[in-house]
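# A look at the structure
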Amino acid sequence: MNNRVRQTLCCAFSLAAMALLRCVSLIGGGTEDVNSLTGVVYAPDNRPATGVQVTCIPFDYNPAADGPIPDSLKDTTGSDGVYRITIPDAGTYNIEAVALTGRERSLITGIVVPGDKDT
């Protein structure tokens, strides 16, 4: 993946997350690489958020027709706030972060994972 695409994705993800900070108590940022999304979730006090479940949801996901989201598209942040989710297919995804204590939520939509792994 070329640097321009990586920087654009990172910037869009970070800007969308920062805009959500006004609505919820979580903020995230991350990068996209060949087959995964990796990032850090921060608490309102700018410290890494521990125990946040991050789920990568296919953009066209329909819970009534598609069933539950597989565990492979979920990760829980550790003490460093880091998550890493392996993405099986190219496409557009939404990322939901839910604090397991307090239940604060953040949703970032329209994350595009390109199909050409050599660009």
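First, a word on scope: everything that follows refers to the structure included in this document. (Residues numbered from 1 in each chain as written. Predicted model: local features only at pLDDT ≥ 70, side-chain atom pairs only at ≥ 80, totals over all residues. Heavy atoms only, no water.)

## Some words on the overall build of the protein
Secondary structure assignment for the protein yields two helices and seven strands. Beginning at the N terminus, the succession of helices and strands in the protein can be written as α-β-β-β-α-β-β-β-β. Across the protein, the fraction of contacts at a sequence separation of at least 24, relative to all contacts at a separation of at least 6, is 52%. (Helix = DSSP H or I, 4+ residues; strand = E, 2+ residues; numbered from the N terminus. Contact = heavy atoms within 4.5 Å.)

## So, the side chain of Asn 94
Considering the arrangement of structural elements, one finds Asn 94 in strand 6 (residues 91–99). On the accessibility criterion, Asn 94 (11% relative accessible area) is buried. Among the polar contacts made by the side chain of Asn 94, one reaches the main-chain amide nitrogen of Gly 110 at a distance of 3.1 Å. Setting aside residues no more than four positions away along its own chain, Asn 94 makes contact with Thr 55, Cys 56, Ile 57, Phe 59, Leu 107, Ile 108, Thr 109 and Gly 110. (Buried < 20%, exposed > 50% of the residue type's maximum accessible area, 1.4 Å probe, protein only. Polar contact = N/O pair within 3.5 Å; in protein donor to acceptor, adjacent residues only side chain to side chain.)

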